[in-house]
Amino acid sequence: MPPHVNQHALAWLEGTLEDAHRERIEEHLADCEDCRQEFERMRLAWEALANWSPPRLPRALEERILRAQNLRTRGMRRPALLRIAAMALLAITCTGVGWWAGARSARAPSSPAGTQFLLLLEEAQWPPPAPLARAGYGEWARQLSERNQYVGAEKLTEESGFRVSQDGRMQPAARATGAALSGWYIVRAASYEEAAALVREGPHLRHGSVLIRQIE
Amino acid sequence: MSEAHGDPPHPNSPEPRDDALLAAAIRGDADAFRTLLGRHGARVHACALHLTGDGAAAEEVTHDAFLALLRGGRDFRGDASVVTWLLRITLNRARDHLRAERRRSARLDTEVTVSHIADGRAGPDEQLAQRERNDCLAAVIATLPEDMRQVIVLRFAAGLGYGAIAETLGVPAGSVASRLHRALRRIGDRLAERGLTREMF
């Protein structure tokens, strides 16, 4: 394609090319089969893209984002909730995930309806063998929400993270002490057993275990 | 080229501007956040979907991008528009996802994962045809090199003008035009190879 055609092809497609340039290009295209074919290919792409229907935002995703924002806002107003979650995370990482998961759930007392539980998603392998962007979690959250059992959730990044020790030093977190956490949920349930049932409904057990802690 | 749909309202418009909505959302105004999500959610999701080629990943990228907007919003100084800032986050998150996925070489088939993108406003027959065209187009876009795919997605899925695309990508506007030009030629070739014509669109 000659430079003057090449230079103005996009503007022609955009419909913003001045008449003089447009006529000059059209004259050339009328005489040059190669350029005409190339230009027609660009025009095909342009018209396909101009009539493209990009996807709408899925309703379930929209609701999930709004719930996350709502939880964040409530966290700003009631910092105790997130502080509790952070303390639970710290307790787990200091104490060892396996012990907590095994010993505590067995002795868990029954809880009144509406009690909130923190669900910590643990990965069976770290780094995880598949991306943490996985199907099924949004649908699970939607189902929980429909039953008024969803309070909030966040996904963690695939980094191992860091730990600040009591002397204030920051060090990379090690695998054995809680680095393999991929996210958390807070749900409403009547008991530990019901919270465990919610976990079994969800998608995470395909990827690892889930630690349940009651929020005070 | 004029800026396309969904851009921030004109300064004299009664509609609240994106930066005002963002400031309110950061203060905890749920309605302001909902308006921002309604204004830009679809374009962020569309970009994420076509940059990752993976529906589940696109949902995570979209979710993360909007929450990152809230978390990082206090640092927003207005030297970029909210939408280009949001899309920059989206591009970075999508790139992170692709890098992680490449390490695991577990990429899903775009032709399958983007197949839900037909517009529900059309009738059943038109929906099917539209879906087939969208799938074909998405599959072609997925084969483009990343720099070309980015400009196509930002121009046609996000509806940005050249200036906003340049700002989002951090490249000169001339580079945007040349990438777009090359991308159109390549897409046109691939669509023609598949027997598609302008009349079908």
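Here the structure is shown first, and the text comes after it.
Rules used in this analysis
Residues numbered from 1 in each chain as written. Chains lettered and ligands numbered in written order. Predicted model: local features only at pLDDT ≥ 70, side-chain atom pairs only at ≥ 80, totals over all residues. Heavy atoms only, no water. Helix = DSSP H or I, 4+ residues; strand = E, 2+ residues; numbered from the N terminus. Buried < 20%, exposed > 50% of the residue type's maximum accessible area, 1.4 Å probe, protein only. Contact = heavy atoms within 4.5 Å. Buried area = accessible area lost by both parts, 1.4 Å probe. Salt bridge = Lys/Arg side-chain N within 4 Å of Asp/Glu carboxyl O. Polar contact = N/O pair within 3.5 Å; in protein donor to acceptor, adjacent residues only side chain to side chain.

## Quick word on the overall build of chain A
Looking only at helices and strands, chain A features eight helices and six strands. If you list the helices and strands of chain A from N to C, you get α-α-α-α-α-α-β-α-β-β-β-β-α-β. Expressed as a percentage of its 216 residues, the buried residues of chain A come to 46%. Counting only contacts in chain A whose residues sit at least 6 apart along the sequence, the fraction spanning at least 24 positions is 76%.

## With respect to the side chain of T62(B)
Mapped onto the secondary structure, T62(B) falls in helix α3 (residues 55-72). Residue classification places T62(B) among the buried residues on the basis of a relative accessible area of 0%. Filtering out sequence-adjacent residues up to four positions away, T62(B) remains in contact with L57(A), L61(A), I65(A), G41(B), V44(B), H45(B) and A48(B).

## Thoughts on helix α7 (residues 146-157) of chain B
Residue and element names in this part refer to chain B. For α7, the buried fraction is high: ten of the twelve residues fall into the buried class. Within α7, the full set of buried residues consists of M148, R149, Q150, V151, I152, V153, L154, R155, F156 and A157. Trailing α7 by a residue or two, G159 shows a phi angle of about 75°, which is positive.

## Topic: the interface of chain B and chain A
The accessible area lost on association of the parts is a frequent measure of interface size. Contact residues are listed per partner, giving 57 residues for chain B and 46 residues for chain A. Note on chain B versus chain A: buried area summed over both sides is about 4800 Å², and carbon and sulfur give 64% of it. Summed over the shared surface of chain B and chain A, the number is six salt bridges. R155(B) is the salt-bridge partner of E14(A), the closest N and O atoms lying 3.4 Å from each other. Applying the counting rule to chain B against chain A returns seven residue pairs in polar contact (both at pLDDT 80 or more). Secondary structure elements with two or more residues in the side of chain B that touches chain A: α1 (18-26), α2 (30-52), α3, α4 (82-104), α6 (124-142), α7 and α9 (173-193) of chain B. Of the residues forming the side of chain B that touches chain A, the biggest block, eleven residues, is contributed by α3(B).

No statement about biological role is implied by the geometric values presented.
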